[in-house]
Amino acid sequence: MFDISPAEWTAILLSLRVAVIATLVATPFGIALAWLLARCDFWGKSVLDALVHLPLVLPPVVTGYLLLLSFGRKGLIGSFLADHLGIVFAFRWTGAALACGVMAFPLLVRPMRLSIEAIDRRLEQAAETLGAAPWKVFFTVTLPLALPGVLAGMVLGFAKAIGEFGATITFVSNIPGETQTISSAIYSLIQTPDGDAAAGRLVIVSIVLAIGALIAAEWFARRATQRLHGN
Amino acid sequence: MLRVDVEKQLGEFSLSASFSSEGRVIGLFGASGAGKSSLVNMIAGLLRPDRGTIAIDGETVDDTAAGIHVPTYRRRIGYVFQDARLFPHLSVAQNLDYGRRMNGLAPDPAQHKRIIDLLDIGALRDRRPGKLSGGERQRVALGRALLSKPRLLLLDEPLGALDEGRKLEILPYLVRLRDEANVPMVYVSHDVAELRQLATQIVMLKQGRVTSFGGVKVLT
């Protein structure tokens, strides 16, 4: 029963690659945005906050379609990137990574923001009195103290990215070996006769990955509390 | 050494203080709410005066008329807070070394050893701040501030969070610091006994105004 076929392996490995790249690329943006939302007051902050959360509430097919319009070959951003930097998203695994990154972004940002908000700002003041310029304060005090939250956000983002379906299939379709992730492979398999066993295997793989991610995120959250108390 | 002439409006409270001192330990005395902490935060650069000037060691660090405001991290001050504020993610040794690293100073083993011995914190080096007692934490905070080689040390009620026994445990270290460390200090307290022991000059604050200034005898 648990002989994973080469085709299934392809989908699993592609999913992992897509989710890892999506998470790694989204993380710096996520940290910057989490810091901005936690620490700064500016005009349009609630709009930005809503925008970040949009992929969470929008139908994924809408997000995927919007990505197709903007990052597709004929899209404004897509054509610019293709012509000037040679980066193509449409019907490529990179497009799947983009879709997954966008969909995972709200989940990735939230724990990061909460952990930055939980930091005692008086510690940052203390760092400044010891001669640390603001950017040094960020890298030596703020970020290390927020690290467990940052990792929890990355794990949750990864879990979301690896299971993303709607936006991905809308944006980059379902091409085996290129854009067919675990989710879209399961979708194809349950529509083919005799696909049940293969689908079942991939379902188990998804469940294991998701539960593993949740446990990891929980562990990082506990570490965060310990870290803030200096034990 | 320290010249202060500032005004600051904080909600309903207005602070207006002017003094100049060459003293080794300036005692800033007053009841809670007299504006002591706000004044010290202005000297540290954490709070910006509405109007006025502050000069440390001859360098103007605040001059509202000339638009000068040197940020905290370039003032070369040390600040010991009531609540120590050690970095919880770093060991005691790393906390102690933080100011030196941030200021890009070369290691100075002789000074390092002198301060560690003076404060008796050598045995705590590998511990985490969460595992220290209140008194130990405050001694490490003192060491951390001194090791950044400040030209002025600000102490805001450094014994305020400790019980009587602990206070008596730390006071001798502060006296030694005054006599041996060679760093001028501003010592904030509402405790007459503490200031009698430590201060060489007193600035008395009442409701945001300086009411007396002079030797420790003004603490009657």
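Source: prediction; values computed, not measured.

J.: So what's going on with the overall build of chain B? Which residues, and what values?
T.: The secondary structure content of chain B amounts to six helices and eleven strands. On C-alpha atoms alone, chain B measures out to a radius of gyration of 17 Å, which is about the 17 Å that the 2.2 N^0.38 rule sets for 220 residues. Considering only C-alpha atoms, chain B reaches an extent of 45 × 40 × 30 Å along its principal axes. Every one of the 220 residues in chain B was classed for burial, and the buried ones make up 41%.

J.: I'd like to hear about the overall build of chain A, residue by residue, with values.
T.: For chain A, the count of helices and strands is ten helices and zero strands. Counting from the amino terminus, helix and strand elements in chain A follow one another as α-α-α-α-α-α-α-α-α-α. Oriented by its inertia axes, the alpha-carbon framework of chain A measures out at about 70 × 45 × 30 Å. For chain A, restricting intrachain contacts to residue pairs at least 6 apart in sequence, the fraction spanning at least 24 positions comes to 77%.

J.: Summarise the nonpolar core; cite the residues concerned and give the values.
T.: A:Ala99, A:Cys100, A:Val155, B:Leu28, B:Leu154, B:Val186 and B:Tyr187 are the most contacted members of the largest nonpolar core, which totals 117 residues. Broken down by element, the residue count for this core peaks at 15 residues, all from helix H5 (residues 93-117) of chain A. Once residues within four sequence positions are removed from consideration, A:Val155 is found in contact with A:Ala213, A:Ala216, A:Ala217 and A:Phe220.

J.: An account of the interface of chain B and chain A is requested, with residue identities and associated values reported.
T.: Interface size is commonly expressed as the accessible surface area that is lost when the partners come together. Each partner contributes to the interface: chain B provides 22 residues, whereas chain A provides 19 residues. Within the residue set of the side of chain B that touches chain A, elements represented by two or more residues are strand S7 (77-80) and helix H2 (92-102) of chain B. Partitioning the side of chain B that touches chain A into residue classes produces eleven nonpolar, seven polar and four charged.

J.: Before we move on, could you go through the UniProt feature "transmembrane region" (unreviewed entry) in chain A and cite the residues and values that matter?
T.: Residue and element names in this part refer to chain A. Mapped onto the present numbering, the UniProt feature "transmembrane region" (unreviewed entry) falls on residues 12-38, 50-72, 84-109, 137-159 and 198-221. Taken end to end, residues 137-159 is 100% helix and 0% strand, and its two terminal C-alpha atoms sit 31 Å from one another. Taken as a whole, residues 198-221 contains 100% helix and 0% strand, while its terminal C-alpha atoms sit 35 Å from one another.

J.: Can you explain the packing of helix H2 (residues 45-57) of chain A against H5(A)? Please cite residues and give values.
T.: All names here are of chain A. Where H2 contacts H5, the axes come no closer than 8 Å and their chain directions differ by 120°. The orientation of H2 relative to H5 falls into the category oblique. Helix-helix and strand crossings are classified by hand; for H2 and H5 the assignment is left-handed. Residues Val-52, His-53, Pro-55 and Leu-56 of H2 touch H5, and the partners they reach there are Val-102, Met-103, Phe-105, Pro-106 and Val-109.

J.: Explain helix H7 (residues 134-163) of chain A to me, and be specific about the residues and the numbers.
T.: Taking 1.5 Å as the rise per residue, H7(A) with 30 residues should run 44 Å; its terminal C-alpha atoms sit only 38 Å apart, a clear shortfall. Maximum bend of H7(A): about 55°, positioned at A:Leu147, with proline A:Pro148 one to four residues after it.

J.: Account for the UniProt feature "domain: ABC transmembrane type-1" (unreviewed entry) in chain A, with residues named and values stated.
T.: Following the UniProt record, the feature "domain: ABC transmembrane type-1" (unreviewed entry) maps to residues 12-215 of chain A here. Within residues 12-215 of chain A, the helical portion is 79% and the strand portion 0%, while the C-alpha atoms at the span's ends are 20 Å from each other.

J.: Residues and numbers for the environment of A:Ala104, please.
T.: All names here are of chain A. Mapping Ala-104 onto the fold places it in helix H5. Exposure remark for Ala-104: the 28 C-beta atoms within 10 Å place this residue in the buried category. Considering only alpha carbons, one finds Ala-104 and Pro-148, 44 residues apart in sequence, at a separation of 18 Å. Discounting residues that sit within four places of it in the chain, Ala-104 has contacts with Ala-22, Thr-23, Ala-26, Gly-157, Lys-160 and Ala-161.

J.: If you had to explain unusual backbone geometry to someone new, which residues and values would you point to?
T.: Look at A:Ser173: it is not a glycine, yet its phi comes out positive at around 65°. Mapped onto the elements, A:Ser173 comes out in the loop between helix H8 (166-172) and helix H9 (182-189). The residue B:Arg85 is not glycine, and still its phi comes out positive at about 55°. Among the structural elements, B:Arg85 can be located in the loop between S7 and H2. Among the residues examined, B:Arg85 registers 22 C-beta atoms within 10 Å and is labelled buried.

J.: Lay out helix H6 (residues 121-129) of chain A in plain terms, naming residues and giving numbers.
T.: Taken as a whole, H6(A) has its buried residues at A:Leu123, A:Glu124, A:Ala126, A:Ala127, A:Glu128 and A:Thr129. Phi turns positive, to about 100°, at A:Gly131, one or two residues after H6(A).

J.: Residues and numbers for the environment of A:Gly101, please.
T.: Here A:Gly101 is to be found in helix H5. Separated by 35 residues in sequence, A:Gly101 and A:Lys136 have C-alpha atoms that sit 29 Å apart.

J.: Please provide a residue-by-residue account of the pairing of S7(B), values included.
T.: Residues and elements named next belong to chain B. Of the two faces of S7, the one holding Ile-77 and Tyr-79 and the one holding Gly-78 and Val-80 are both buried throughout. As paired strands, S7 and strand S8 (residues 152-156) are joined by four bridges and run parallel to one another. Looking across to S8, one finds that Ile-77 is bridged to Leu-152.

J.: Go over the environment of B:Leu96 with me, naming the residues and quoting the values.
T.: All names here are of chain B. Position of Leu-96 among the secondary structure elements: in helix H2. Overall, the presence of 26 C-beta atoms within 10 Å leaves Leu-96 in the buried class. Leave out the neighbours within four places in its chain, and Leu-96 touches Val-140, Gly-143, Arg-144 and Leu-147.

J.: I'd like to hear about the pairing of strand S2 (residues 13-21) of chain B, residue by residue, with values.
T.: Residues and elements named next belong to chain B. Note: strand S1 (residues 2-10) against S2, nine bridges, orientation antiparallel. The residue bridging Gln-9 from the neighbouring strand is Ser-14, located in S2. Here S1 hands over to S2 after two residues, with Gly-11 in that stretch at a positive phi of 65°.

Calculation notes
Residues numbered from 1 in each chain as written. Chains lettered and ligands numbered in written order. Predicted model: local features only at pLDDT ≥ 70, side-chain atom pairs only at ≥ 80, totals over all residues. Helix = DSSP H or I, 4+ residues; strand = E, 2+ residues; numbered from the N terminus. Rg over C-alpha atoms; globule rule 2.2 N^0.38 Å. Buried ≥ 20, exposed ≤ 12 C-beta atoms within 10 Å, placed from the backbone. Contact = placed C-beta atoms within 7 Å. Core = buried A, V, L, I, M, F, W, Y, C linked by C-beta atoms within 7 Å. Nonpolar A, V, L, I, M, F, W, Y, C, P; charged D, E, K, R; others polar. UniProt positions renumbered as here; feature names shortened; annotations may be inferred. Axes fitted to C-alpha atoms, helices over the stretch in contact; angles between N-to-C directions. Parallel < 35°, antiparallel > 145°, perpendicular 65-115°, else oblique. Left-handed = near helix turned anticlockwise from the far one by under 90°. Expected span 1.5 Å × (residues − 1). Bend = angle between axes of the 7 residues up to and from the residue. Pairing = 2+ DSSP bridges.

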